[in-house]
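Topology and contacts: notes
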Amino acid sequence: MLRSLLFIPGNNPAMLLNADIHGADGIILDLEDAVAIDQKDAARLLVRNAVRTMAYATPNLVIRVNPLDTDFCRADLETAVPLRPAFIMPTKVGSAEEVERLGAMIAQIEEAQGIPVGSTNLMPLLETARGIESAYSIACAPRVRALLLGAEDYTADLHAIRSKESGEIAYARGRVLNAARAAGIEAIDTPFTDVNDPEGLRADAAHARALGFTGKASISPRHIDDINRAFSPSESEVRYAQEVLLTIEEGRRLGKGAVSLRGKMIDKPIVDRARQTLETARALGMEVEG
């Protein structure tokens, strides 16, 4: 599961050294926005050496590369692909055609490196109006296994005012989430950028989970615990899910066509949600009976 993804600047040796000690489900080694133009080469070298020598414990290593239309993208890919990350994160993605062009470049590198062609997965970062409008075609493109919403660049592209209430990104959240679910891949919500507002973070993460997002990215290690909690089933949710399945099973045993729990009819969507809750709990190592 990808409840939490922590951004790590690719040009920061101290943060690279401690990248996977914060409890995040995955780490994003950033070669794009966090790195100044005159530090791109040094950042690639640092990231390559860090991955090769640190043996990060997380199975969900992500390398964020510069946009396809920059002079840095090819060099980023030549550094990232041989490191065999769980995902490469292309940025400012605007169309499925861009993903296909990236895939062709990656295939050349895979073949040259003796890596199975097609084995490198992508997690596009959708952070432009064009990218949001193309979300479903991007989600269905080859190699794409997850989408991440980038609200800061997106709202700048809209000329919108970014707020903690996040009404200005409601459409983008819905579009990204629906596209990912329709394509059968994961949807990761945008970071909450105020590192000194834990209450705001918790509310934002709870809202994203309620919408249906799989998890949330973070720019601060201080946010990881709260994000993990927000995207994990609570003990009461697990108990209720177990009660739902027990009630359905008892109804079947007694030959009942309809059953209720706590005064509410139990229908297929409720059963499906209960099963999803228990599946998530088991994946997280929570104790689940039955």
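The preceding data block contains the structure.
Residues numbered from 1 in each chain as written. Predicted model: local features only at pLDDT ≥ 70, side-chain atom pairs only at ≥ 80, totals over all residues. Heavy atoms only, no water.

1. Observations regarding the packing of aromatic side chains
What characterises a pair of aromatic rings is the spacing of the ring centres plus the angle enclosed by the ring planes. Overall, the coordinates contain zero aromatic pairs when judged by the stated rule. Across the ring face of Phe72, the terminal group of Lys40 is positioned such that the distance to the ring centre comes to 5.5 Å. (Phe/Tyr/Trp six-rings, centres within 6.5 Å; stacked < 30°, edge-to-face > 60°. Lys NZ or Arg CZ within 6 Å of the ring centre and 35° of its normal.)

2. Side note on helix H12 (residues 268-283)
Because an α-helix packs 3.6 residues into every turn, residues spaced three or four apart end up facing the same way. Helix length check: H12, at 16 residues, gives a terminal C-alpha distance of 22 Å against a target of 22 Å (1.5 Å per residue), a fit within 8%. Taken together, the buried positions of H12 are Ile270, Val271, Ala274, Thr277, Leu278 and Ala281. Burial along H12 is one-sided: seen end-on, the buried residues are contained in an arc of 120 degrees. In H12, the exposed positions angled more than 90 degrees off the buried face are occupied by Lys268, Glu279 and Ala283. Buried residues belonging to H12 abut helix H11 (235-253) and strand E10 (264-265). Note on H12: the residue one or two positions beyond its end, Gly285, has a positive phi of about 80 degrees. (Helix = DSSP H or I, 4+ residues; strand = E, 2+ residues; numbered from the N terminus. Expected span 1.5 Å × (residues − 1). Buried < 20%, exposed > 50% of the residue type's maximum accessible area, 1.4 Å probe, protein only. Arc of directions from axis to C-beta. Contact = heavy atoms within 4.5 Å.)

3. Some words on the side chain of Glu32
Within the secondary structure layout, Glu32 lies in the loop between strand E2 (26-30) and helix H2 (40-54). Once residues within four sequence positions are removed from consideration, Glu32 is found in contact with Lys40, Arg64, Val65, Asn66, Pro67, Thr91, Lys92 and Glu127.

4. What to know about the pairing of E2
Most of E2 is tucked away, with five of its five residues classed as buried. Neither face of E2 is left uncovered, since the one carrying Gly26, Ile28 and Asp30 and the one carrying Ile27 and Leu29 both have all their residues buried. Two strands pair when backbone bridges link them, and strand E1 (residues 4-9) and E2 are joined in this way by five bridges, in the parallel orientation. Bridge pairing in E2 places Pro9 opposite Asp30. Traced from E2 through H2 to strand E3 (residues 61-64), the parallel crossover comes out right-handed. (Pairing = 2+ DSSP bridges. Right-handed = clockwise from strand over helix to strand, strands pointing away.)

5. Description of the environment of Glu100
Note on placement: Glu100 falls in helix H4 (residues 96-113). Separated by 44 residues in the primary sequence, Glu100 and Val144 have C-alpha atoms spaced 10.0 Å apart.

6. Focus on the packing of H11 against H12
Between H11 and H12, the least distance of the axes is 9 Å, while the angle of their chain directions is 130 degrees. The angle between H11 and H12 falls in the class oblique. Crossing geometry of H11 relative to H12 is assigned as left-handed. On H12, the residues that touch Glu237, Val238, Tyr240, Ala241, Gln242, Val244, Leu245, Ile248 and Arg252 of H11 are Ile270, Val271, Ala274, Arg275, Thr277, Leu278 and Ala281. (Axes fitted to C-alpha atoms, helices over the stretch in contact; angles between N-to-C directions. Parallel < 35°, antiparallel > 145°, perpendicular 65-115°, else oblique. Left-handed = near helix turned anticlockwise from the far one by under 90°.)

7. A closer look at the pattern of salt bridges
Under the defined criterion, the tally for this structure stands at 28 salt bridges. Arg143 is paired through a salt bridge with Glu110; the nearest N and O atoms lie 2.8 Å apart. Pair noted here: Arg143 is in the loop between helix H6 (135-139) and strand E6 (146-149) and Glu110 is in helix H4, with a separation of 33 residues, a long-range link. For the pair Arg143 and Glu110, a shared accessibility class is recorded, and that class is buried. Between Arg262 and Glu243 there is a salt bridge, with its nearest N and O atoms 2.7 Å apart. Of this pair, Arg262 sits in the loop between strand E9 (260-261) and E10 while Glu243 sits in helix H11, and the two are 19 residues apart along the sequence. Overall, the relative accessible area of 29% leaves Glu243 in the partly exposed class. Three or more residues joined by partner-sharing salt bridges are found here, namely Asp30, Glu32, Asp33, Arg64, Lys92, Glu127 and Asp153. (Salt bridge = Lys/Arg side-chain N within 4 Å of Asp/Glu carboxyl O.)

8. Describing the sheet that holds strand E8 (residues 215-218)
Pairing between the strands of a sheet is mediated by backbone hydrogen bonds and can be parallel or antiparallel. Taken in spatial order, the eight strands of this open sheet run E4-E3-E2-E1-E8-E7-E6-E5, and their pairing is parallel. The sheet is open, and its two edges are formed by strand E4 (87-89) and strand E5 (125-126), each paired on a single side. Along the sheet, helix H8 (residues 170-183) makes contact with E5, E6, strand E7 (186-189) and E8, crossing E6 at roughly 175 degrees.

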